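For reference, the chains in residue letters:
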Amino acid sequence: MSDPQTLRLSVQNMTCASCVARVERALSALPGVSDVRVNLASETVQAQINASARISEVMAALDQAGYPARTQSVRLNVASMSCASCVGRVDKALGSVPGVLNVNVNLASETATVTYADGAVGLADLLKAAKDAGYPAEPAEDTAHEDRSARKDSEARVLARKAALAAAFTLPVFALEMGAHIIPGMHDLIGRTIGHQTSWLIQFVLTTVVLAGPGRAFYTNGFPALFKGAPDMNSLVAVGTSAAYLYSLTALFAPTLLPEASRAVYFEAAAVIVVLILLGRWMEARAKGRTGAAIQKLLGLQPRSARILVGGELQDVAIERLCTGDILVVRPGERIAVDGVVTDGNARVDESMITGEPVPVAKTAGDPVTGGTVNGTGAFKFRATRVGADTTLAQIIRMVEEAQGAKLPIQGMVDRITLWFVPAVMALAVLTVIVWLLVGPSPTLSHALVAGVSVLIIACPCAMGLATPTSIMVGTGRAAEMGVLFRKGDALQQLTDVDVVALDKTGTVTAGRPELTDLVLADGFDRVEVLALVAAVETQSEHPIADAIVRAARAENLARYDIESFEAITGHGVRANVAGRNILVGADRLMMREGLEIGMLADEERRLAEQGRTALFAAIDGRVAAVIAVADPVKPASATAIRVLHDLGLKVAMITGDKRETADAIARETGIDHVIAGVLPDGKVAALDKLSGGGQRIAFVGDGINDAPALAHADVGIAIGTGTDVAIESADVVLMSGDLRGVVNAFEISTRTMRNIRQNLFWAFGYNVALIPVAAGVLYPAVGLLLSPVLAAGAMALSSVFVLTNALRLRRVRPAMDETESTRPTVPLSPAPAE
């Protein structure tokens, strides 16, 4: 069986939480479809399918459920077509792309029109399929996807026009009916002038225009859903306003069918409800457009075109047509198009969008550059190494989109409730009407109608459906702007349950690059000579300690000696002949093995070890000449970040392969609570199990290949983004900052987002729990209060707007630690990596 693939589609007609539940149920019932995640806020569905052919089944199921997937069409200019068989091959190539629904190839115009599922296919996929078939294609015009923000803006404009039109026709209705009840003398004035019957006729005409025009979608969507046995928010509005409208029609044209005391019209209720809900949806559309602002910012970092060298000539090409190996030219102030390696020139590049660091980074030949970053000064050429979906920026965007579509565990409770919520509300509305008809005061029928319609209108579960996904969208988007990428959305909730943060040492707490810190000489030896001779030996070694010694010698411009012989002594050190001198470099056991006296340098070695340094001895011509200390410096932000984690109530542990003395020295410097030292690379999972004893939940932070099993095993794996791709793929959260500030920010955004979700859910559920009984009339016997359907519609619309507005507050979350919040650079305290 083929490996599952992720399908992401944009879905229409979802308006409330019950819609989400129905879409999820429809897709989950399909064979070969799993892990269905429906997001009301982004109006998308994401699922795992076991074959590309399943896409058509998913599309059909969505259509059958009444929530069709959005489609896009693109027109391509296709080269190299010469006959009908070419047409067939192009048709087959494009039609085989998963998510393509229809292909129309025209030989005469040399074009192909492709209709595909929005979100399942990208323009680059179509161009690649055509090119691979031997028929290079390019967009016939600018066919860039209408982004979600633009679509919501367009939707908001349409809703604004509908709401304005509905309000224009509703205002006279409201004035005639409510004015007669509120303004003294107006009832008599209407009676003396146009007459009450004429007033009702005017209200009938204007209300009919409102319901049949701007409000028509409520009925064309709501009643079919109701007849399918799957009522949604539109069904509640349609039934409620229809009841008020039909009751009013009866009172106007067949008054004898109603008791005299109940002969009243409620045209203004039906019309005003439509206006208020359209107004609420307009505000929702505007707010939803802003929930995806982070994605739009990231998309805005992608240049539309790039300048490449072809045969010594510069050409401007669309970003989609770039290939690996292309040579691109970047001028000062331009944005780098794709990932690559500098081949010629020098520049300073602003990489703050990736690292969060504001200082431009110098780039010369051989240095990597990242697509989306900005060239500050200097022009350069680079070779493209990753294009399209493989670039760092594209992967970041994909991570954010997947996190935004995630379903948190807390959402499961909401789904279970909303699945039966709308049918329960309709049943409650019917029960309300029956109770009022049986025991209500006169006019019984009017009171029953008002209470029943109010229950239907006020109980729409829009706010419930929006409560979680909007906060996730805004929270994960803001996290991305802060350099925190949630690869798995549920980590957003799991972080709030963490008790212990376990840190890998090398590259996480420390810089991961050892530096020479001490060179203590025995009597009779010269520092310059000893360091030069030892550095000559270490040029033959790839160990990080050797690299630190060699770099120190080069920094001092010391003489470079030729090596005459070299021997690695496993577990002890190395032996070499340099410039006619016999050199030994290694641990104290190498000196003992060779029968050399360490003497006073033994005390120095112990002192350096207690300070967290790794100490080696050097011997020249049979005499111990020096003890050399190397250390991996603690990252400047580590101590501050660990202190902030303590302030958050978290314990901090460190797992390292170094010996206990070294690890304890780092722990003292940074404030780490617990140290597990001497851990072999394959022992980190066992170390995590030891830390989790007693049911504690663990977040593990690491960056190396040997961290991947631990990242996957921990309750939450957090990868430093400067680490390896393997580590990043094993993690739940990826930090782009390269140090522990990102860990603090991850906990901050997690805490703030989950608090925001709970606020939204409290409001959404509390609103319904509190107001449904009021709408049903429980306060009428005590205080004579019966909620008007108009007020119910206003309250319902405001509840959704409140939830969205509350979620948007997450856009203002500030990093708990930014690039300016780091401690002074610490002196090197830890040894070279033992991992």
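Residues numbered from 1 in each chain as written. Predicted model: local features only at pLDDT ≥ 70, side-chain atom pairs only at ≥ 80, totals over all residues. Heavy atoms only, no water.

Quick notes on the UniProt feature "transmembrane region" (unreviewed entry) in the chain
In step 1: Under the present numbering, the feature "transmembrane region" (unreviewed entry) in UniProt falls on residues 158-180, 200-219, 235-258, 264-282, 417-439, 445-468, 761-780 and 786-808.
In step 2: Between the first and last C-alpha atoms of residues 235-258 the distance is 26 Å; the span itself is 79% helix and 0% strand.
In step 3: Taken end to end, residues 264-282 has its terminal C-alpha atoms 31 Å apart, with 84% of it in helix and 0% in strand. (UniProt positions renumbered as here; feature names shortened; annotations may be inferred. Helix = DSSP H or I, 4+ residues; strand = E, 2+ residues; numbered from the N terminus.)

Considerations on the packing of helix α15 (residues 444-458) against helix α28 (residues 741-776)
In step 1: Where α15 contacts α28, the two axes come as close as 8 Å, and the packing angle between them is 165°. Accordingly, the angle class assigned to the pair α15 and α28 is roughly antiparallel. Between α15 and α28 lies a crossing whose hand is right-handed. Along the contact surface, α15 presents Ala451, Ser454, Val455 and Ile458, while α28 presents Tyr767, Asn768, Leu771, Ile772, Ala775 and Ala776. (Axes fitted to C-alpha atoms, helices over the stretch in contact; angles between N-to-C directions. Parallel < 35°, antiparallel > 145°, perpendicular 65-115°, else oblique. Left-handed = near helix turned anticlockwise from the far one by under 90°. Contact = heavy atoms within 4.5 Å.)

Focus: the pattern of salt bridges
In step 1: Tallied over the full model, the rule gives 26 salt bridges.
In step 2: One salt bridge connects Arg307 with Glu334, and the closest N-O pair in it is separated by 3.0 Å. Taken together, the residues span a long stretch of sequence, with Arg307 in strand β8 (residues 305-310) and Glu334 in the loop between β10 (327-330) and β11 (339-345) at a distance of 27 residues.
In step 3: Its salt-bridge partner being Glu351, residue Lys363 comes within 2.9 Å of it at the nearest N-O pair. Here Lys363, found in strand β13 (residues 361-363), pairs with Glu351, found in the loop between β12 (347-350) and α12 (352-355); they are 12 residues apart in sequence, far enough to count as distant. The pair Lys363 / Glu351 is uniform in exposure class, with both members buried.
In step 4: By sharing partners, the salt bridges in this structure join Glu567, Arg575, Arg593 and Glu594 into a single network. (Salt bridge = Lys/Arg side-chain N within 4 Å of Asp/Glu carboxyl O. Buried < 20%, exposed > 50% of the residue type's maximum accessible area, 1.4 Å probe, protein only.)

Re empty space enclosed by the protein
In step 1: Throughout the structure, instances matching the rule amount to two cavities of 30 Å³ or more.
In step 2: In this model, the second largest cavity occupies a volume close to 30 Å³.
In step 3: Around the second largest cavity, the lining residues are Met233, Ile277, Gly280, Arg281, Glu284, Cys462, Met796, Ala797 and Ser800.
In step 4: Secondary-structure elements contributing two or more residues to the lining of the second largest cavity are α10 (267-291) and α30 (789-808). (1 Å grid on protein atoms, 1.4 Å probe; cavity = no way out; pocket = protein on both sides within 12 Å on 5 of 7 lines; lining within 4 Å. Points joined across faces, edges and corners; volume = space filled by probe spheres on them.)

Side note on the confidence of the model for the chain
In step 1: When pLDDT is averaged along the chain, the result is 82; 89% of the residues meet or exceed 70.
In step 2: By mean pLDDT, the top-scoring element of the chain is strand β25 (residues 651-655) (94), and the lowest-scoring one is helix α27 (residues 725-730) (64).
In step 3: Residue range residues 142-146 is modelled with pLDDT below 50. Its contacts to residues more than four positions away, or to other chains, number 11 contacts.
In step 4: Note that pLDDT drops below 50 for residues 822-835; the model gives that stretch 64 contacts with residues more than four away or on any other chain. (pLDDT = per-residue confidence, 0-100.)

Overview of the pairing of strand β20 (residues 563-569)
In step 1: Looking at chain direction, β20 and strand β21 (residues 573-578) are connected through six bridges and run antiparallel. Bridged to Phe566 within β21 is Ala576.
In step 2: The turn linking β20 back onto β21 is made up of three residues, and Gly571 within it adopts a positive phi angle of 80°. (Pairing = 2+ DSSP bridges.)

Focus: the sheet that holds β13
In step 1: The antiparallel open sheet is built from three strands, whose spatial order is β13-β12-β15. The sheet terminates laterally at β13 and β15 (374-377), the two strands that pair on one side only. Here the strands of the sheet are splayed against their neighbours by 45° on average, with no regard to which way each runs.

Looking at the packing of helix α7 (residues 196-212) against helix α9 (residues 233-253)
In step 1: Here α7 crosses α9 at 150°, and the two axes come no closer than 11 Å. Accordingly, the angle class assigned to the pair α7 and α9 is roughly antiparallel. In terms of crossing hand, the pair formed by α7 and α9 is left-handed. Along its contact with α7, which presents Gln197, Trp200, Leu201, Phe204, Thr207, Thr208 and Leu211, the element α9 presents Tyr245, Leu249, Ala251, Leu252 and Phe253.

Section: the pairing of strand β3 (residues 44-49)
In step 1: Burial analysis of β3 places six of its six residues in the buried class, which makes it a mostly covered element.
In step 2: Pairing analysis gives five bridges linking strand β2 (residues 33-39) to β3, with the strands arranged antiparallel. When the bridges of β3 are listed, Arg37 appears paired with Gln46.
In step 3: In this structure, the hairpin formed by β2 and β3 is closed by a connection of four residues, where Glu43 is found at a positive phi of approximately 55°.

A look at the sheet that holds β21
In step 1: Sheet architecture is open: six strands sit in the order β19-β24-β23-β22-β21-β20, paired in antiparallel fashion. At either margin of the open sheet sits one strand with a lone partner, and together these are β19 (515-521) and β20. Strand-to-strand twist across the sheet, computed as the mean angle between neighbouring axes with direction ignored, equals 20°.
In step 2: Taken together, the four bridges between strand β22 (residues 581-586) and strand β23 (residues 614-620) define a ladder with antiparallel strand orientation. Directly across from Leu584, in β23, lies its bridge partner Ala619.
In step 3: Strands β19, β20, β21, β22, β23 and β24 (623-631) of the sheet are contacted by helix α19 (residues 527-538), whose axis makes an angle of about 75° with β22.

Description of the packing of aromatic side chains
In step 1: Taken as a whole and judged by the stated rule, the model has 10 aromatic pairs.
In step 2: An angle of 55° between the planes, with centres 6.1 Å apart, marks the rings of Phe204 and Phe267 as tilted. Of the two residues, Phe204 sits in helix α7 while Phe267 sits in helix α10, which places them 63 residues apart along the sequence.
In step 3: Classification of Phe267 by relative accessible area gives buried; the value is 0%.
In step 4: With a centroid separation of 4.5 Å and an interplanar angle of 35°, the aromatic rings of Trp763 and Phe802 are classed as tilted. With Trp763 in helix α28 and Phe802 in helix α30, this residue pair connects regions lying 39 residues apart in the sequence. (Phe/Tyr/Trp six-rings, centres within 6.5 Å; stacked < 30°, edge-to-face > 60°.)

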